[in-house]
Amino acid sequence: MSAWIDRILKEFTADLARLWIAADPDNVLLDERVLSGLRERGFELLPFEDSVVFRAEYEERYRAAWDLGQDGPSKALILHLRGTSVSDLPWDYLSRARRVSVSLANLFPKLSYTVVRQIGPEHHEALYAAQARHAAQSLGESATKEFILTHIFRISPHLISRPEDLWRELLRLHYREEALPSMLGDHVAQVLGDIPAFKALPLSELFCSKATLLRVVQDAWYRYLSDRGVDGTRAGEPPAPEFAGKVELPFEHPDVRVIVDSMFLDGLLHPLAVRGALPTIPEWAKVGIIQDPLALRNLVEDGIKSLHQTLPTVTSSFRDWTSTARKFGEVLARFHALDSVRAEGLRAAIVDLQTSADESLRQWTGKHYADLPSLPVAKGPIMVHHIPRFLSMRRGAGEDKIALLVFDGLAIDQWVQIREALAKRAPKIAFDEAACFAWLPTLTSVSRQAIFSGLKPREFADTIESTAPEPNQWARFWQDQGLRANEVLYRKGIKRNDQLDDLDAALSNSVLKVAGIVVDTVDEIVHGAALGKRGIAAQIESWCETGFVERLLDRLTSKGFHVYLTADHGNVEAVGQGRPKQGVAAEMRGERVRTYRSEALAAESAASNPNSYRLEIAGLPANFLTLFAGQRTAFMPHGEQAVVHGGISIEELMVPFVKVSNVS
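Residues numbered from 1 in each chain as written. Predicted model: local features only at pLDDT ≥ 70, side-chain atom pairs only at ≥ 80, totals over all residues. Heavy atoms only, no water.

Draft legend 1. Representation of the overall build of the chain. Helix and strand content of the chain: 26 helices and 18 strands. Taken over C-alpha atoms, the radius of gyration comes to 26 Å for the chain, in line with the 26 Å a tight globule of 664 residues would show. The principal-axis extents of the C-alpha atoms in the chain amount to approximately 80 × 70 × 55 Å. Within the span of the chain, comprising 664 residues, buried residues form 58% of the whole. (Helix = DSSP H or I, 4+ residues; strand = E, 2+ residues; numbered from the N terminus. Rg over C-alpha atoms; globule rule 2.2 N^0.38 Å. Buried < 20%, exposed > 50% of the residue type's maximum accessible area, 1.4 Å probe, protein only.)

Here it is, written out as structure tokens:
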């Protein structure tokens, strides 16, 4: 274990007290590695966000067991307070608990607290080690910025003087998913602002926004090819920013070329579709060109190999999995776009990648999934029940009107397909893409309720097998944030153009502030699929051609809504292994999992189904027990094939979370 984790954990010894109060204004404890270390020491952490919810869980699950001399769910419980006002807590907590204070100011005494608190928690460990090794004295704000840029982001702005220096650092930074915080982006821009070659560039935005950087590079790539006599059909992207037309990237520089090559393989950049003979161009540039179906097939094959080599392991972070899921979705969407002959030639490689990814994810889930519900959401939701809280933060940041679109059952690869269709049909729509974790089991009644309630499934135990409470849950969440009932809208079953006029009338209500809309089409396609996910891809393409999705987005953006899109779960192709004799599934088509209210039934069913496994999932009701089908099988008749959900795979558990904008 690292010195950083040891430094934090040394404050906690489980046998000193049952109840602890941790004042943690900087969310230091809400780091997945710290949470894992606390769990290994016998601690559970429970955020103190709602006093009623906390008291109910504390009294029922912890204190009742402790009063009987039992350990309960854990030996000790940490009441996590995101602030310093410990004295405001109820007296009975204060009288029982041991108190601890944790802050970045104390952990980084030689660095500027104002700067350090802008840095994501994923960098704290490396920064702590760098402070111990390189910070000989206390540093001011400007020196701390330089220190962090050098030791964490590996950027020295004073050494950037040529275009190839700038673009190498920008590409490297964003390929690693390490966009700079705005404070550091502004600092770099200030340092570089006097260099003539960079004066026309919005440097801070380029260092801070991956979406902007990719749009600029994509536009520059097409112009690079055009200047060499290569013309073709541009893959769909939103238009580049106005300044991009004047940007020339040094693509032929080796340091730039190698990163651009990887971005095409991972689907971050889109190749140009070319017909006919190619003029003479460098061999390396062909990675950004699709001249024929064989070129697309080779691009998919190279993408599979690249993913296989970089799959996360059990020690990886959740960020590694969300990044991998997005790259996986790009490759899988390209695979489904191949003709049947070429797709069949790569099927074994795709299956091998899926098998390896699923097994790694299952092992990672068993060790780390319990940490995810407590992680901070300021930069984006990590689990789907974080989404309402994140949207509330966005309203507080000035996005007064917000619409959440939940595409029921949409896997990330299917989102990629919809995105590409939208970009061709409505090129002024832009997307800022991320991914988050669905709730396990990946059933609609579990994960979609979590989205609209903002709660963990344990907190809606009485309705966990139904979606009927969603309108009330959505309204209740926003009323708790200060909105009135008539300012909140919920609609489901939206799937056709002829429903949009009625929806439009509801959205036109001048007092409306928040809309939650369920789009059911993909889930209906999935449950009726007879030709696997390739068949689903063809049906989604036909649905996109009706214009429904861009019209829905246009209705929302034209009325001033900031639009976010997500899904409650994805879907996978599975083959039947036989049905368990006991138990009832929480959802008829959720054949990848069985749920039980009886421990005896769950144990008996697991014993009679060797290709299955149980997993204790923190956040589920205590009497909601799960049995998952192993590998990519389902509890269906032997040999029967279907596209289903409910289990733990990269295509079911990881879902898109996308900010949709109109750049016109």
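Don't stop here, the text continues.
Draft legend 2. Up close: empty space enclosed by the protein. By the definition in use, this model includes two cavities of 30 Å³ or more. Its volume calculated, the largest cavity comes out at about 50 Å³. Lining the largest cavity we find A325, F328, G329, L332, A411, I412, D413, I650, E651 and M654. Elements supplying a minimum of two residues to the lining of the largest cavity: α15 (318-337), α18 (412-425) and α26 (650-653). Looking at which element gives the most residues to the lining of the largest cavity, the answer is α15, with four residues. When the residues that make up the lining of the largest cavity are grouped by side-chain class, the tally is seven nonpolar, one polar and two charged. What the second largest cavity holds in volume is close to 30 Å³. Lining the second largest cavity are L35, L38, R39, F43, E44, L45 and D371. Where the lining of the second largest cavity is concerned, the elements lending two or more residues are α2 (32-40) and β2 (43-47). (1 Å grid on protein atoms, 1.4 Å probe; cavity = no way out; pocket = protein on both sides within 12 Å on 5 of 7 lines; lining within 4 Å. Points joined across faces, edges and corners; volume = space filled by probe spheres on them. Nonpolar A, V, L, I, M, F, W, Y, C, P; charged D, E, K, R; others polar.)

Draft legend 3. Up close: the packing of helix α9 (residues 163-175) against helix α13 (residues 254-265). Remark: α9 packs on α13, axes separated minimally by 9 Å, with the N-to-C direction vectors making an angle of 30 degrees. One finds that α9 runs roughly parallel with respect to α13. Judged by the twist between their axes, the crossing of α9 over α13 is left-handed. Packed against α9, whose contacting residues are E164, W167, R168, L171, R172 and Y175, the element α13 presents D255, V256, I259, V260, S262 and M263 at the interface. Residues of the contact of α9 with α13, tallied by class, amount to seven nonpolar, one polar and four charged. (Axes fitted to C-alpha atoms, helices over the stretch in contact; angles between N-to-C directions. Parallel < 35°, antiparallel > 145°, perpendicular 65-115°, else oblique. Left-handed = near helix turned anticlockwise from the far one by under 90°. Contact = heavy atoms within 4.5 Å.)

Draft legend 4. Just the packing of helix α8 (residues 141-151) against helix α10 (residues 182-192), in detail. For the pair α8 and α10, interaxial distance at closest approach is 10 Å and the crossing angle is 95 degrees. It follows that α8 is roughly perpendicular to α10 by the angle criterion. Where α8 approaches α10, its residues S142, K145, E146, I148 and L149 are matched on the opposing element by M183, L184, H187, V188 and V191. Considered class by class, the residues forming the contact of α8 with α10 number six nonpolar, two polar and two charged.

Draft legend 5. Region of the structure containing the pairing of strand β13 (residues 593-596). In β13, alternate side chains face the same way, and those of V593 and T595 on one face and R594 and Y596 on the other are all buried. Pairing of β13 with strand β15 (residues 625-629), which is carried by four bridges, proceeds in the antiparallel orientation. Within the sheet, the bridge partner assigned to R594 lies in β15 and is L627. (Pairing = 2+ DSSP bridges.)

Draft legend 6. Local environment of the environment of T521. One can find T521 in helix α22 (residues 521-527). Residue classification places T521 among the buried positions, given a relative accessible area of 10%. A sequence separation of 515 residues divides T521 from D6, and the C-alpha atoms of the two residues are 49 Å apart. Among all residues touching T521, those that are not within four sequence positions of it are I494, K495 and W543.

Draft legend 7. Region of the structure containing the nonpolar core. Counting 193 residues, the largest nonpolar core has L166, W167, I418 and F437 as the members making the most contacts within it. In this structure, W167 is in contact with L201, L206, L213, V216, V247, E248, L249, P250 and V256, ignoring residues within four places of it in sequence. The next biggest cluster of nonpolar side chains, apart from the first, holds 17 residues, and it includes F54, V86, L94 and A97. (Core = buried A, V, L, I, M, F, W, Y, C linked by side-chain atoms within 4.5 Å.)

Draft legend 8. Structural detail: the sheet that holds strand β17 (residues 641-644). The three strands lie next to each other as β16-β12-β17, forming an open sheet whose pairing is mixed. If you trace the sheet from one side to the other, it starts and ends with β16 (633-634) and β17, each paired once. Each of β12 (572-576) and β17 is contacted by helix α23 (residues 532-545), which is oriented at about 140 degrees to β12, the strand it contacts most.

Draft legend 9. How the structure looks around the sheet that holds strand β14 (residues 612-614). In space, the three strands of this open sheet follow the order β13-β15-β14, with antiparallel pairing throughout. The outermost strands of the open sheet, each flanked by one partner alone, are β13 and β14. Mean inter-strand twist for the sheet, computed between neighbouring axes without regard to direction, equals 25 degrees. Of the strands in this sheet, β13, β14 and β15 touch helix α25 (residues 599-608), which is tilted by about 150 degrees from β14.

Draft legend 10. Quick look at the pattern of salt bridges. In this structure the tally under the stated criterion is 61 salt bridges. For E301, the salt bridge is made with R297, and the minimal N-O distance between the two is 2.6 Å. Taken together, the residues span about one helical turn, with E301 and R297 both in helix α14 (residues 293-309) at a distance of four residues. Residue classification places R297 among the buried positions, given a relative accessible area of 18%. A salt bridge links D400 to R395; the shortest N-O distance between them is 2.9 Å. Residue classification places D400 among the partly exposed positions, given a relative accessible area of 33%. Salt bridges here are not isolated pairs; linked through shared partners, they connect R162, E164, D165, R168, E169, R172 and D255. (Salt bridge = Lys/Arg side-chain N within 4 Å of Asp/Glu carboxyl O.)

Draft legend 11. A look at unusual backbone geometry. Here L440 and P441 are connected by a cis peptide whose omega angle stands at -5 degrees. Looking at the element boundaries, P441 is found in the loop between β8 (429-437) and α19 (444-453). Positive phi outside glycine occurs at N27, with the angle close to 60 degrees. Tracing the chain through its elements places N27 in the loop between β1 (19-23) and α2. Residue classification places N27 among the buried residues on the basis of a relative accessible area of 19%. A positive phi angle is found at Q631, which is not glycine, with a value near 45 degrees. Among the structural elements, Q631 can be located in the loop between β15 and β16. Look at Q631 and you get exposed, because its relative accessible area is 55%.

Draft legend 12. Structural detail: α15. Here α15 is 20 residues long and its end C-alpha atoms lie 29 Å apart, about the 28 Å a rise of 1.5 Å per residue gives. By the criterion of burial, α15 is predominantly enclosed, with 16 of the 20 residues buried. (Expected span 1.5 Å × (residues − 1).)

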